[in-house]
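Listed below are the residues making up each chain.
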Amino acid sequence: MNYRGPFRVRASQKPDPVILHPEDAIIKVTRSCICGSDLHLYHGEVPDTRVGMTFGHEFMGEVVDIGSDVHKLKVGDTVLVPFNIACGKCAFCKQELYGNCHESNPQASAVGGIFGYSHTAGGFDGGQAEYVRVPYADVGPTVIPEGMDPDDALLLTDVVPTGYQAAEMGGIKKGDTVVVFGAGPVGIMAAKCAWLFGAARVIVIDHLEYRLEFVRNYANCEAYNFESLGDPVLFLKKTTDWFGADVCIDAVGGDAAGNALQTITGRKLLLQAGSATALHWAINSVKKGGIVSVVGVYGPTDNLIPIGNVVNKGITIRANQASVKRLLPRLIDHIMSGRLDPKAIITHRIPLEEVADAYHIFSAKLDNCIKPILLMPSAR
Ligand SMILES: NC(=O)c1ccc[n+]([C@@H]2O[C@H](COP(=O)([O-])OP(=O)(O)OC[C@H]3O[C@@H](n4cnc5c(N)ncnc54)[C@H](O)[C@@H]3O)[C@@H](O)[C@H]2O)c1
Ligand SMILES: [Zn+2]
Ligand SMILES: [Zn+2]
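All values derive from a computational prediction rather than experimental measurement.

*Asks:* Can you walk me through the pattern of salt bridges in this structure?
*Replies:* If the charged atoms of two oppositely charged side chains come close together, the side chains can form a pair. Evaluation of the coordinates by the stated rule reveals 18 salt bridges. The partner of D77 in a salt bridge is K74, with the nearest N and O atoms 2.9 Å apart. Given a relative accessible area of 9%, D77 falls into the buried group. Notably, a salt bridge pairs R201 with E222, separated by 2.7 Å at the nearest N-O pair. In this pair, R201 is assigned in strand 11 (residues 201-206) and E222 in strand 12 (residues 222-225), connecting sequence segments 21 residues apart.

Written out as C-alpha cells, the structure reads:
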C-alpha cells in the first residue's frame, strides 16, 4: 500500500524491508486491518504524512528473518504485532506505558512510535504490505496462542485493547451508566467491554443506522442516532435523571460529524486538530465528578474544548493510545474463555491489490462496512 496524497492510496511494488538493527525482525504479513486511525491519515489531517509511506498498524504474520539480538522469536513463528512500537526499557515502557515509549519516536515527546502512522509517529512503514520491518522484536510481537482464531488474534493488535482500555480508563464501577460516542470498531468494543467492568447501563451514540443496529445486538446495549435526538447532550441528561452519565467515552476523535462549526474549523480549514464534537458532547453529558475517557485520536496541535465545564463540573479526563502489550494477557484470556468475540465485527475481506477500494469503502461507510481486513497474497 502506497500513500499518494489525501484520498489517494494504491497498491504498488516497493523494495522488501531488511533488518536495519540487531533487534529487528522481518514479518511476512498474512492479514492486516484498516483502522479509523488510518482515516485521519487518508483524509490528509495528520501533519507530515509523506507520499510513498505504507500505512497499517494492525497486522499479523510469520517471522521470516530476525536480527542477531532477537532471542524470544524464531523464524517460522506466527505472531500478532501491537500497533505501538516500544523499546521495553525506557522509563515509560517500565511503567507499561507502551504507547508513550521515549526511544521509538525520539522526535516527539508525546506519542511513541506507531507502525505506518506518519513521521509524527516515527515514520515507520506499516503492515498493509507483504513484508514489514518490526523494531524491538523481542518486546511487541506475541506468538499467537494455540487454538486462537487468526481473525481474533489480528484484532488484538489494536481494536480490542483500545476498546478495553477506553472502558478501563473510565474507571467504571458496578452500577454505572456508560455512554460511548462512536459505533465504529473501537466504540463497539468499548461498549462490549464496559459490561466486563460492571456497568449497569450502556448507551452508544452514532449516526450510522447499520452500526447502531450492529452494536445493539453485539454489545447488548441501547444505541441512538444523534441526528434524530435533536441535542444529544439534552437527551442524555434527560435519560439519566438530569444527573448525566457516570462515564463518557470518546471513541470518535477528530473526524467527528454533528457540529458545523467544529467540522469547518477542524476538518475543512484545519484551524484545530480535528473536530472535537464528540469530546464536547462527552464533557457536557457526563455527571459532575464523572470521568471522560478519550481514545478517539486528535492531531498534535490545539483543539477548542469546553475547559470551563471540565473545571466547574470537577471532571476527570483520562486519555491515551492503548497500551496493547500490557493488556494482551488478560484479553487473550477473555477471548479464549468466550467472553469476547472480536472477529464478529469483521465485515469485509479485501485483497491487498484492491487497497484503494478498501479505503474508499471504509472511509465513506459504504456497504455496511464495520471492519475491513486486507488479505495478503500469501494468505489466500
Ligand atoms: N487511542 C488508541 O489507542 C486508538 C486506537 C485505535 C483507534 N483509535 C481512534 O478511535 C477512533 C475510532 O476508531 P474506529 O476504527 O472505530 O473509527 P470509525 O471511523 O470506523 O468510527 C468512528 C465512528 O464515529 C461515528 N461518529 C462520527 N461523529 C460522531 C459524533 N459526533 N458522535 C458519535 N459518533 C460519531 C462515525 O459515524 C463512526 O461510526 C478514531 O479516532 C481512531 O483514530 C484510537
Ligand atoms: Zn488501529
Ligand atoms: Zn520505551
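From this point, the narrative continues.
*Asks:* Honestly, the nonpolar core in this entry has me stumped. Any pointers?
*Replies:* Nonpolar side chains in soluble globular proteins tend to end up buried together. Residues L156 and V215 are the most contacted members of the largest nonpolar core, which totals 102 residues. The dominant element in this core, judged by the number of residues it contributes, is helix 5 (residues 185-196), at seven residues. Discounting chain neighbours no more than four positions away, the residues touching L156 are L80, M148, P161, V324, L328, L331, I332 and I335. Core analysis: the next-biggest nonpolar cluster, separate from the first, contains 22 residues, V179, I205, L229 and W281 among them.

*Asks:* What should I look at first to understand the coordination of the zinc ion (ligand 3) in this one?
*Replies:* For a metal bound by four donors in tetrahedral geometry, the ideal donor-metal-donor angle is 109.5 degrees, whereas six donors in octahedral geometry ideally sit at 90 or 180 degrees. The protein atoms that coordinate the zinc ion (ligand 3) are C87 (SG), C90 (SG), C93 (SG) and C101 (SG), at distances of 2.3 to 2.4 Å. Around the zinc ion (ligand 3), the four donor atoms are arranged such that angles at the metal cover 102 to 116°; this shape is classified as tetrahedral. Mapped onto the sequence, the donors of the zinc ion (ligand 3) take the spacing C-x2-C-x2-C-x7-C. Here C90 is found in the loop between strand 6 (84-85) and helix 2 (91-94), whereas its partner C101 is found in the loop between helix 2 and strand 7 (113-114), with 11 residues between them in sequence. The class for C101 is buried, based on a relative accessible area of 2%.

*Asks:* Please explain the sheet that holds strand 13 (residues 245-250) as it appears in this structure.
*Replies:* The strands that make up a sheet pair up through hydrogen bonds in the backbone, lying either parallel or antiparallel. Strand order in this open sheet of six strands is 12-11-10-13-14-15, and the pairing throughout is parallel. Strands with a single pairing partner mark the edges of an open sheet, and in this sheet they are strand 12 and strand 15 (316-319). On average, each strand axis in the sheet is inclined to that of its neighbour by 20°, with strand direction left out of account. Relative to strand 14 (residues 286-294), strand 13 is paired through five bridges, and the arrangement is parallel. Considered in strand 14, the bridge of A245 is made with V286. Relative to the sheet, helix 4 (residues 159-169) contacts strand 13, strand 14 and strand 15, its axis offset from that of strand 14 by approximately 155°. Packing against the sheet, helix 6 (residues 209-218) makes contact with strand 11 and strand 12, and its axis sits at approximately 170° to strand 12.

*Asks:* Would you explain the coordination of the zinc ion (ligand 2) in this entry?
*Replies:* Those donors, C35 (SG), H57 (NE2), E58 (OE) and D158 (OD), are the protein atoms that reach the zinc ion (ligand 2), and they lie 1.9 to 2.3 Å from it. Each of the four donor atoms bound to the zinc ion (ligand 2) contributes to angles spanning 94 to 134°, and the resulting shape is tetrahedral. Going along the chain, you hit the donors of the zinc ion (ligand 2) in the pattern C-x21-H-E-x99-D. Residue E58 is found in the loop between helix 1 (36-42) and strand 4 (59-66), and its partner D158 is found in the loop between helix 3 (150-155) and helix 4; the two are separated by 100 residues along the sequence. Considered together, E58 and D158 belong to a single accessibility category, that of buried residues.

*Asks:* What exactly am I supposed to notice about the site of ligand 1 here?
*Replies:* Residues in contact with ligand 1 amount to 33 residues; listed here are only the nearest, S37, D206, V252, V295 and A322. In this structure, an oxygen atom belonging to ligand 1 sits 3.0 Å away from a main-chain N or O atom of V186. Within the backbone of V297, one N or O atom sits 3.0 Å away from an oxygen atom of ligand 1. Look at ligand 1: alone it shows 870 Å² of surface, and the protein chains cover 96% of it.

*Asks:* Can you walk me through unusual backbone geometry in this structure?
*Replies:* Glycine aside, a negative phi is what most residues show, and trans is what most peptide bonds show. Positioned with a positive phi, E96 is a non-glycine residue whose angle comes to about 65°. With respect to the helices and strands, the residue E96 is situated in the loop between helix 2 and strand 7. Even without glycine at this site, W242 takes up a positive phi of about 70°. Following the sequence through the fold, W242 ends up in the loop between helix 8 (232-238) and strand 13. Among the residues examined, W242 registers a relative accessible area of 53% and is labelled exposed.

Criteria and thresholds
Residues numbered from 1 in each chain as written. Chains lettered and ligands numbered in written order. Predicted model: local features only at pLDDT ≥ 70, side-chain atom pairs only at ≥ 80, totals over all residues. Heavy atoms only, no water. Salt bridge = Lys/Arg side-chain N within 4 Å of Asp/Glu carboxyl O. Buried < 20%, exposed > 50% of the residue type's maximum accessible area, 1.4 Å probe, protein only. Helix = DSSP H or I, 4+ residues; strand = E, 2+ residues; numbered from the N terminus. Core = buried A, V, L, I, M, F, W, Y, C linked by side-chain atoms within 4.5 Å. Contact = heavy atoms within 4.5 Å. Donors = N, O, S within 2.8 Å, 3.2 Å for Na, K, Ca; no water. Tetrahedral: all angles 85-135°; square planar, octahedral: opposite > 155°, others 65-115°. Pairing = 2+ DSSP bridges. Axes fitted to C-alpha atoms, helices over the stretch in contact; angles between N-to-C directions. Near = heavy atom within 4 Å. Polar contact = N/O pair within 3.5 Å; in protein donor to acceptor, adjacent residues only side chain to side chain. Areas by Shrake-Rupley, 256 points an atom, 1.4 Å probe, with all protein chains shown as cover.

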